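Coordinate inspection notes
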Amino acid sequence: PQHFAEPAGSLNKVSFWSEVKKDGGTKTFYDAQCGIPLFKAPKGRTMEAFETESRRHGWPSFRDEEVVKENIEIRDGGEVVSKCGTHLGHNLPDASGNRYCIDLLCIAGKPR
C-alpha cells in the first residue's frame, strides 16, 4: 500500500551519511531481505558527488558502474527489483545516464 512507501527526503532525516562515510572508501549496500550485495558506491565518482546527487533527489542515487548487475533486475516501467524479489526503487535516467533511485530501507541489509 502507498501509505507504507518511503517518502522523498527520508534519506536526509537519518544518519545514513555518517555511516556511509565512516572509514572512507567504497561501501557495499545489501538487500534488506536476503543479504545479497546490490550496489557498491561510490565508483567512478567521489563520495561528495554521490552524496550531493542522492540528497538532491531524496533517495540514494546509484549509477550503472555502482550496480551489482547479477543481483538486480530492471522491469518494464523502470522498476528496480533484487534477484530475491525485493522492490528497491526505480531507474530514472537523466542526461548522465541511468540513475537508480533506491528506497533506503531496502538497502539496509547485512551480508548473509
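Residues numbered from 1 in each chain as written. Predicted model: local features only at pLDDT ≥ 70, side-chain atom pairs only at ≥ 80, totals over all residues. Heavy atoms only, no water.

Observations regarding the pairing of strand β1 (residues 27–30)
Stated formally: DSSP bridges decide pairing: two strands pair if at least two such bridges lie between them. Counting from the N terminus, the helices are DSSP H or I runs at least four residues long and the strands are E runs at least two residues long.
The sheet contact formed by β1 and strand β2 (residues 37–41) spans 4 bridges and is antiparallel. In the strand pairing of β2, Lys27 is matched with Ala41. Linkage of β1 to β2, two consecutive antiparallel strands, is achieved through a turn of 6 residues, within which Gly35 is found at a positive phi near 80°.

Let's talk about the layout of surface pockets
This is how the line gets drawn: Think of a 1 Å grid over the protein atoms and nothing else: a 1.4 Å probe that fits but is trapped marks a cavity, an open set flanked by protein within 12 Å on at least five of seven lines marks a pocket, and residues with an atom within 4 Å of a point count as lining. Grid points are joined across faces, edges and corners, and a volume is the space filled by probe spheres set on the points. Here the term charged refers only to Asp, Glu, Lys and Arg, the term nonpolar to Ala, Val, Leu, Ile, Met, Phe, Trp, Tyr, Cys and Pro, and the term polar to all other amino acids, Gly among them.
If you add up the space inside the largest pocket, you get close to 390 Å³. Lining of the largest pocket is provided by 16 residues; of these, Glu19, Val20, Phe29, Ile107 and Lys110 occupy positions nearest its centre. Of all elements in the fold, only α1 (16–21) and β1 reach the threshold of two or more residues within the lining of the largest pocket. In terms of residue class, the lining of the largest pocket is built from 8 nonpolar, 3 polar and 5 charged.

A word on the pattern of salt bridges
One side chain can pair with another of opposite charge once the charged atoms of both are near each other. Note the cut-off: Salt bridge, as applied in this entry: a Lys or Arg side-chain nitrogen positioned within 4 Å of an Asp or Glu carboxyl oxygen. Three labels apply to residues, based on accessible area from a 1.4 Å probe with only protein chains included: buried if under 20% of the type maximum, exposed if over 50%, partly exposed otherwise in between.
For the structure on display, the rule yields 7 salt bridges. With a closest N to O distance of 2.8 Å, Glu66 and Arg45 form a salt bridge. In this pair, Glu66 is assigned in the loop between β3 (61–62) and β4 (72–74) and Arg45 in the loop between β2 and α2 (47–57), connecting sequence segments 21 residues apart. No difference in accessibility class separates Glu66 from Arg45, as the two residues are buried. We note a salt bridge from Arg63 to Glu53, for which the minimum N-O separation is 2.4 Å. Residue Arg63 is located in the loop between β3 and β4, and its partner Glu53 is located in helix α2; the two are separated by 10 residues in the primary sequence.

Function cannot be inferred from these measures alone, as they are strictly geometric.
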